[in-house]
Amino acid sequence: MATQAKRGRVAGPVGGGHADPVAGFLSWCRSVGLELSAKVAVTRQGTVAGYGLVAQERVEPGELLLAVPRAALLSQRTCSIGGLLERERGALQSPSGWVPLLLALLHELQAPASRWSPYFALWPELGRLGHPMFWPAEERRRLLQGTGVPEAVDRDLASIRHEFSSIVLPFMEAHPDLFSPRVRSPELYHQLVALVMAYSFQEPLEEEEDEKEPNPPLMVPAADLLNHVANHNANLEYSPNCLRMVATQPIPKGHEIFNTYGQMANWQLIHMYGFVEPYPDNTDDTADIQMVTVREAALQGTKAEAERLLLYERWDYLCKLEMVGEEGAFVIGQEEVLTEEELTTTLKVLCMPAEEFREFKDQDGWGNDEKEEDSLTMRNIPKLKESWRQLLRDSVLLTLKTYATDLKAEQDLLSNKAGYAKLSWREQQALQVRYGQKMILHQLLELTG
């Protein structure tokens, strides 16, 4: 189970002062009814880095690893100012939906008698989180250019600044008895946003609740000790009374126990959690082709103004069908196109003869039979019409130009173990993100060649 895909943890209590943070945390677990299997241990020994959960003896699939009673969860409802947060719910609404939990954390962190203090003692050191949002902007752009991460971080930072200044700080200033001056800090808020991004859980809606707003995030002590790999060996289950972490694979003695955060590409892992899985371990890795890049590639093939105008008409129609957008991307996995319908429709509409497009537009699309015939999978990409393959190829070539380095440069770095070891941690992480994406894009080049 050795892997570099590990969120760094650093010793040092955030909200508690117990001489032995693990002993204090385990004592707290017993006091709140949080059950840990006798077969697992919270330890630094046998983990990739920092605290983790390690099997002390063999664990079989289906065995319970831990059970967290709902009363031990830290959320906007269970915190000591839950009543106030509920009454002020309307004023605390934001696009992220995280403000109430963040205010709960800000209050509990500085509350001397917070019931979660032993839990805070196992948190990472907030000043040393590895998310790219904490990297210098120049370094972030230089190392992650072309990956989509710098743009995602820029959006995050703008949202964080707006939330803090317009919602969070006014709320704390209106309740000075609940929030000491030391927690009214934009820097601390920024750090807690990253912590919630990486460590919180969001309970999925039931099938009959699909129309409801998503459940708010919550902190799940003990469960958040587990880290992510694509080939995970445990999974979190939700029940009315508790949250249960259950083994999904046999776990030999001495092996670390890993959860899954979902099907996450490396760019998503570094952006949201501050780590990546080294190539080729992340079987969920993807590469994006921006939708506007496909439009740009199609425009390259136009010669007359009438052709350009017709192409923009086709694009506007695709927008009307909600197949494309100025901010969207086609997502390509290692074995499949995750946005199959969107990419198939786009290639078809942009490549069909003008007369066929008029007919297509008049009929408002096509029937299921024809749609099925033209379905797009990685396996049948070489069988696509030549015009489709050419447009896809041109789009990949334009995408590859957005990176600052080419695939060979990345391969040379990865194959040189001594040179790779001299890279900084950030340089290594960024290299893994770039390389995984470029491998997928080059595979697509081969398939369209």
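Residues numbered from 1 in each chain as written. Predicted model: local features only at pLDDT ≥ 70, side-chain atom pairs only at ≥ 80, totals over all residues. Heavy atoms only, no water.

For the rest of this paragraph, the subject is the overall build of the protein. A count of helical and extended segments in the protein gives 17 helices and 10 strands. Radius of gyration (C-alpha) of the protein: 25 Å, near the 22 Å computed for a compact globule of 449 residues. If one aligns the C-alpha atoms of the protein with their principal axes, the spans along those axes are about 75 × 50 × 45 Å. Relative to its full complement of 449 residues, the protein shows a buried share of 51%. Element-wise, carbon and sulfur atoms account for 49% of the exposed surface of the protein, whose accessible area totals about 21400 Å². Averaging the positions of the 44 positive and the 64 negative side-chain charges in the protein gives two centres separated by 6 Å. (Helix = DSSP H or I, 4+ residues; strand = E, 2+ residues; numbered from the N terminus. Rg over C-alpha atoms; globule rule 2.2 N^0.38 Å. Buried < 20%, exposed > 50% of the residue type's maximum accessible area, 1.4 Å probe, protein only. Areas by Shrake-Rupley, 256 points an atom, 1.4 Å probe, with all protein chains shown as cover. Lys, Arg positive; Asp, Glu negative; His and termini not counted. Charge placed at Lys NZ, Arg CZ, Asp CG, Glu CD.)

Where helix 10 (residues 305-320) meets helix 11 (residues 340-351), the axes come as close as 9 Å, and the angle between the chain directions of the two elements is 150°. It follows that helix 10 is roughly antiparallel to helix 11 by the angle criterion. The way helix 10 lies across helix 11 gives a crossing that is right-handed. Residues R314, W315 and L318 of helix 10 form the contact with helix 11, whose own contacting residues are T345, T346, V349, L350 and C351. When grouped by side-chain class, the residues that make up the contact of helix 10 with helix 11 number 5 nonpolar, 2 polar and 1 charged. (Axes fitted to C-alpha atoms, helices over the stretch in contact; angles between N-to-C directions. Parallel < 35°, antiparallel > 145°, perpendicular 65-115°, else oblique. Left-handed = near helix turned anticlockwise from the far one by under 90°. Contact = heavy atoms within 4.5 Å. Nonpolar A, V, L, I, M, F, W, Y, C, P; charged D, E, K, R; others polar.)

Pairing between strand 6 (residues 234-238) and strand 7 (residues 242-247): 5 bridges, direction antiparallel. Within strand 7, the residue paired with Y238 across the bridge is L243. Hairpin connection, strand 6 to strand 7: the antiparallel pair is bridged by 3 residues. (Pairing = 2+ DSSP bridges.)

This part covers the sheet that holds strand 4 (residues 64-69). On the basis of which strands lie adjacent, the open sheet formed by 4 strands has the order 1-4-7-6 and antiparallel pairing. Each end of this open sheet is capped by a strand with a single partner; those strands are strand 1 (35-36) and strand 6. When strand 1 meets strand 4, the two strands line up antiparallel, connected through 2 bridges. Counterpart to L36 in the pairing with strand 4 is L66.

With 91 residues, the main nonpolar core has L103, L106 and M219 as its most contacted residues. In contact with M219, not counting residues within four places along its chain, are L73, L74, L101, L105, Y119, W123, L195, V196, Y199, S200 and D224. Counting residues in each nonpolar core, the second largest holds 39 residues, with L310, I332, V337 and L445 among its members. (Core = buried A, V, L, I, M, F, W, Y, C linked by side-chain atoms within 4.5 Å.)

Counted by the stated rule, this structure contains 12 aromatic pairs. Here the aromatic cluster, defined as three or more aromatic residues joined through ring pairs, consists of F25, W28, Y119, F120 and W123. The aromatic ring of Y51 is capped on one face by R44, whose charged end is 4.2 Å from the ring centroid. A cation sits over an aromatic face here: R115 above W116, 4.8 Å from the ring centre. (Phe/Tyr/Trp six-rings, centres within 6.5 Å; stacked < 30°, edge-to-face > 60°. Lys NZ or Arg CZ within 6 Å of the ring centre and 35° of its normal.)

Here the focus is the side chain of D224. By secondary structure assignment, the location of D224 is in the loop between helix 7 (186-199) and strand 5 (227-228). Among the polar contacts made by the side chain of D224, one reaches the side chain of Y119 at a distance of 2.5 Å. (Polar contact = N/O pair within 3.5 Å; in protein donor to acceptor, adjacent residues only side chain to side chain.)

The first and last C-alpha atoms of helix 6 (residues 149-174) sit 36 Å apart over 26 residues, in line with the 38 Å expected at 1.5 Å per residue. The largest bend in helix 6 comes to about 45°, at F164. (Expected span 1.5 Å × (residues − 1). Bend = angle between axes of the 7 residues up to and from the residue.)

In this section: the environment of P150. Structurally, the position occupied by P150 is in helix 6. Exposure remark for P150: the relative accessible area of 7% places this residue in the buried category. Each C-alpha atom, one on P150 and one on G325, is 20 Å from the other, the two residues being 175 residues apart in sequence.

Tracing the backbone shows T248 in the loop between strand 7 and strand 8 (258-259). When its relative accessible area of 38% is taken as the criterion, T248 is described as partly exposed. Sequence separation between T248 and V59 is 189 residues, and the spatial gap between their C-alpha atoms is 9.6 Å. Beyond its immediate sequence surroundings of up to four residues, T248 is in contact with P61, H232, N233, A234 and N235. Polar side-chain contacts of T248 include one of 3.3 Å to the backbone nitrogen of A234.

This next bit is on the state of the cysteines. Evaluation of the coordinates by the stated rule reveals 0 disulfides. Sulfur of C242: no disulfide; nearest cysteine sulfur belongs to C29 and is 14 Å away. Between C319, a free cysteine, and C351, which holds the nearest cysteine sulfur, the sulfur-to-sulfur gap is 16 Å. (Disulfide = S-S within 2.5 Å.)

Here we take up the pattern of salt bridges. Counting across every chain of the model gives 15 salt bridges. The closest approach of N and O atoms between R244 and E237, which form a salt bridge, is 3.0 Å. Classification of R244 by relative accessible area gives partly exposed; the value is 28%. According to the relative accessible area criterion, E237 is partly exposed, its value standing at 37%. Among the charged side chains, a salt-bridge network with shared partners connects E313, R358 and K361. (Salt bridge = Lys/Arg side-chain N within 4 Å of Asp/Glu carboxyl O.)

What follows concerns unusual backbone geometry. Note the cis peptide between Y279 and P280, where omega equals 5°. Relative to the assigned elements, P280 resides in the loop between helix 8 (266-272) and strand 9 (286-290). Despite not being glycine, A222 shows a phi value in the positive range, around 80°. Topologically, A222 is positioned in the loop between helix 7 and strand 5. Classification of A222 as buried rests on a relative accessible area of 1%. Phi is positive for E322, close to 65°, though the residue is something other than glycine. With respect to the helices and strands, the residue E322 is situated in the loop between helix 10 and strand 10 (329-333).

Nothing here speaks to function; it is all geometry.
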